[in-house]
Amino acid sequence: MNIIDLHGLTHEKAELEAEDFVLMQSQVEFFECKIITGNSNKMISRITEMLDRQGFSWYIPSWNLGEIIVSY
């Protein structure tokens, strides 16, 4: 599974990087990738809203609330 870690980025930069990352990953018919957000509710909200706009399926695993698993 490919992973992007958004630690150290501004919220704006993180959203753009995450969007580019999942769009590149989605070039494969069936994919799953991980976005590491950390525990910032604002960051998680921005990323999940972007994923919803782009039509991706995602979930936040109960064992790590600082990451998002994305699929299409």
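Everything below is about the structure printed above this text.
Every value quoted in this text rests on a predicted model; they were computed, and no experiment measured them. Per chain, residues are indexed from 1 in the order of the written sequence. With the structure being a predicted model, the display of local features is reserved for residues of pLDDT at least 70 and the display and counting of side-chain atom pairs for 80 or more, all residues being used for whole-chain, interface and lining totals. For side-chain calculations, the full set of non-hydrogen atoms in the structure is used, while hydrogens and water are omitted.

Caption draft 1: Up close: the pattern of salt bridges. The salt bridge criterion pairs a side-chain nitrogen of Lys or Arg with a carboxyl oxygen of Asp or Glu, the two atoms within 4 Å. Tallied over the entire structure, the rule returns 5 salt bridges. Between Lys-34 and Glu-67 there is a salt bridge, with the nearest N and O atoms lying 3.6 Å from each other. Residue Lys-34 is found in strand β2 (residues 32-36), and its partner Glu-67 is found in strand β4 (residues 67-71); the two are separated by 33 residues along the sequence. Both residues of the pair, Lys-34 and Glu-67, belong to the buried class. It is possible to trace a salt-bridge network through shared partners that takes in Glu-12, Glu-15, Arg-46 and Arg-53. We count a stretch as a helix when DSSP gives it H or I for four or more residues in a row; a strand needs E for two or more, and each element gets its number in order from the N terminus. Any residue under 20% of the maximum accessible area for its type is buried, any over 50% is exposed, and the rest in between are partly exposed; the area is computed with a 1.4 Å probe on protein chains only.

Caption draft 2: Broad picture of helix α2 (residues 41-54). In a regular helix each residue adds 1.5 Å, so 14 residues correspond to 20 Å; α2 covers 20 Å between its end C-alpha atoms and thus fits that length. Along α2, the residues that are buried comprise Met-43, Ile-44, Ile-47, Thr-48, Met-50 and Leu-51. Along α2, the residues classed as buried sweep out an arc of 155° about the axis, all on the same side. Across from the buried face of α2, at angles greater than 90 degrees, the exposed residues are Asn-41 and Arg-53. In what follows, a contact means two residues having at least one pair of non-hydrogen atoms within 4.5 Å. Looking at the buried side of α2, the elements it contacts are α1 (11-25), β2, β3 (57-59) and β4. Two residues or fewer past α2, Gly-55 is found with a positive phi of approximately 80°. Expected helix span is given by 1.5 Å per residue-to-residue step, counting one fewer step than there are residues. By definition, the arc is the one covered by directions from the helix axis to the C-beta atoms.

Caption draft 3: A look at the packing of α1 against α2. Helix axes are fitted to C-alpha atoms over the stretch in contact, other axes to C-alpha atoms as well, and angles between N-to-C directions run from 0 to 180 degrees. Between α1 and α2, whose axes approach to 10 Å, the crossing angle comes to 35°. Pair α1 / α2 crosses with right-handed handedness. Residues His-11, Glu-12, Ala-14, Glu-15, Ala-18, Glu-19, Val-22 and Leu-23 of α1 lie in contact with α2, whose contacting residues are Lys-42, Met-43, Arg-46, Ile-47, Met-50, Leu-51, Arg-53 and Gln-54. Handedness of a helix crossing follows the sense of rotation of the near helix relative to the far helix, less than a right angle counterclockwise being left-handed and clockwise being right-handed.

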